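Residues per chain are reported as follows:
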Amino acid sequence: MASHTSSFASSVVTLSTASYYMGPRSELNILDDSRPNSHPTSPSTPTVLFSLESNTNESLRNIVKSFQQDDVFSVDFLTDTVVVQWMSGRPSTSKGSHISWEALDLTTADGPWKPARVITVDSQHQLPSGPYFLAPGNTLAQAWRLYPDTSDSFTTTFVPKLNGSLGFDPVTVMTNDGLWRQVAVPSRLYATPTAAKPLAGKRISLKDLFKVKGTQTTQNNRAWVHLYGPDTETAVYVQRLTELGAVIVGKTKMNAFASSESPTDQWVDFHAPFNPRADEYQNPSGSTTGGATALATYDWLDYSIGTDTTGSIRWPAASNGVYGLRTSWNTTSLEGIYPSCRSMDTIGLLARDIDGLYSLTEHSMGFSPTSIERLPKQILYCTDFLPHENPAQNSLVEEFVRGLEAHLGIERTNINILERWSQCPPPEAEGKNLKTYTDTTASNLFYYDGYNEYADFREEYEKKFGKPVFLGPYMQWKWDRGSKVTLEDKTRAEHELAVYQRWFRENVLKAEDGGGSDAVLILPCSSPDPSYRDLPSPQPKVSAAHNLNYISSMQGLPQIVVPVGQIPFESRISKRTEHLPIAASMASASGSDMLLISLAKAALERARKPTHVETGRLTFKL
């Protein structure tokens, strides 16, 4: 029945439908065994555990129904051995034999399922019903299914250490054909969300700049891997996720050092993941590239976690057709996360449904749900960048905005931030317009930090290997530019940023008590044109501070990206009609993240648009 593929590999079992990792284990206290002299013919016998309060048909059928909805369970676990755990006191030893297994209507390849061996155990461990492996020594091991990473989204995948210590062990087994790394996920039946663990059982990936004890961070740079070993600590935010019950399944690929590299020709050290949308050859964007491609590809993954500095969550969300949130700056610890630009770095969250995004944000970021009484008084439509030039794209975004207007009972107000500045400039600007005053503000901060944060890395690498760190073309350009930005330039930029932020709070968006915002700001964040991954990337250039990416970054605002539709195009790759995801986006005052997600959901519902997306080629069903 089972064949075995030493360390991790010795805990892998291949069944007819999939391969599995034998995860956390519990020693059973057996009360009764209908075949006490039976011994496993292999180190792992697939089985199912029924955790019962009673043996009524209804309770049994409910458990069977949960089995059938679980992606880890398969008929391979319906063997001639079953384990029964009685949750209410010590049963008589004959209880297990009173269950009518045929009445459950479970079928295997050999016909109706009727186990020959029934093992009854006590409720010492209170194990949940589900698929398991029965191992020697009366041990029951969890079944973790191995899924192939066919979109090449992950850098490394791992499982919790089995010895009870903190940290993780890498998944070292490839698919049987040797092509793909694999991701191990536990049965969803093992975890039930509670008030203390609201994310119990949620499968989450991390961008490859979060430290995770026992795993190797790559920063998407081979020199980094050659110099440094596995991390010895876990990022504070990741610790919080695990405390909330989340299952961290691996780390996903990103642009080198969370930069603005464009896939794929600027990705020199590691290959860029594949965007599953449309013809599967569209640019996946970055820098939280693998997090977005994985979530858009795999329905077995619940959330992806990344960071956003100047669009690193927002653009992957838009390009891969998933929901994305750049969270408010400085609202949670970034300890244990490798930096890009500290004055703009923040956590970024990705989900396939807006309710899930709300739950993840509320629990992992520690925000309280916003009171209904604190709705925005204005919808600010940013004419610096809107409307969209493409009619089809603009029509989809307009439907979303009109839904927001209907929900709030107010009409949008056009705002041009450049004009607003000219009407009431801060005295520190000394008559300069916004573009002139902030001309080098963002770039000096971005490039100074991007270069100087890794001074020790460059020095240590050259000392050890006798040569400089090699970089891809974009990172070479970025570090060269950063080397020319002085500390004086950075200090001046910090002062300019503080002035701009104060002016913005006074004249554009103001936070209100209780996680409120006096307005929401409609911004663009998607492209209506195909962007093929095989085409050369444009030469890098410095972005002006006043652009659609930097508004939220410089102001520390939360910004949400919401898929609102898809538009057709004729693909030169697939030679057929494909569909590109289109997103709407809006920002609100710092700290109003929960309000922002609630408003996005309300706008979608008013516009009669879906609040979840599909995996694969289409963002929404046609």
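Residues numbered from 1 in each chain as written. Predicted model: local features only at pLDDT ≥ 70, side-chain atom pairs only at ≥ 80, totals over all residues. Heavy atoms only, no water.

Student: Can you lay out empty space enclosed by the protein for me, pointing to particular residues and giving the numbers?
Tutor: The gaps of empty space that remain are located by a probe, the size of a water molecule, rolled over the atoms. Estimated volume of the largest cavity: approximately 60 Å³. Lining the largest cavity are Asn220, Asn221, Ala256, Glu261, Gln266, Trp267, Val268, Asp269, Leu471, Gly472 and Met475. By residue class, the composition of the lining of the largest cavity is five nonpolar, four polar and two charged. (1 Å grid on protein atoms, 1.4 Å probe; cavity = no way out; pocket = protein on both sides within 12 Å on 5 of 7 lines; lining within 4 Å. Points joined across faces, edges and corners; volume = space filled by probe spheres on them. Nonpolar A, V, L, I, M, F, W, Y, C, P; charged D, E, K, R; others polar.)

Student: Explain the pairing of strand E24 (residues 519-523) to me, using residue names and the numbers behind them.
Tutor: By the criterion of burial, E24 is predominantly enclosed, with five of the five residues buried. Burial of the side chains of E24 extends over both faces: Ala519, Leu521 and Leu523 are buried on one face and Val520 and Ile522 on the other. Relative to E24, strand E20 (residues 378-382) is paired through four bridges, and the arrangement is parallel. From the neighbouring strand, Tyr381 faces E24, where its bridge partner is Ile522. As paired strands, E24 and strand E26 (residues 577-588) are joined by four bridges and run antiparallel to one another. Across the sheet, the residue bridging to Val520 is Ser588, located in E26. (Buried < 20%, exposed > 50% of the residue type's maximum accessible area, 1.4 Å probe, protein only. Helix = DSSP H or I, 4+ residues; strand = E, 2+ residues; numbered from the N terminus. Pairing = 2+ DSSP bridges.)

Student: So, the packing of helix H7 (residues 391-408) against helix H15 (residues 593-606): which residues are in play, and what are the values?
Tutor: Packing of H7 against H15 leaves a shortest axis separation of 7 Å and a crossing angle of 105°. Looking at the two axes, H7 sits roughly perpendicular to H15. Here Phe400, Gly403, Leu404, Ala406, His407 and Leu408 of H7 come into contact with H15, specifically with Leu599, Ala600, Ala602, Ala603, Leu604 and Arg606. (Axes fitted to C-alpha atoms, helices over the stretch in contact; angles between N-to-C directions. Parallel < 35°, antiparallel > 145°, perpendicular 65-115°, else oblique. Contact = heavy atoms within 4.5 Å.)

Student: Give me the lowdown on unusual backbone geometry, citing residues and values where you can.
Tutor: Residue Ser287 is bonded to the preceding Gly286 through a cis peptide linkage, with omega at 15°. Take Ser287: it is sitting in the loop between strand E16 (247-252) and helix H4 (289-297). Not every positive phi belongs to a glycine, and Phe257 is a case in point at roughly 55°. Although it is not a glycine, Lys575 adopts a positive phi angle of roughly 60°. By the secondary structure assignment, Lys575 is in the loop between strand E25 (559-570) and E26. Given a relative accessible area of 68%, Lys575 falls into the exposed group.

Any link to function would need more than the numbers given here.
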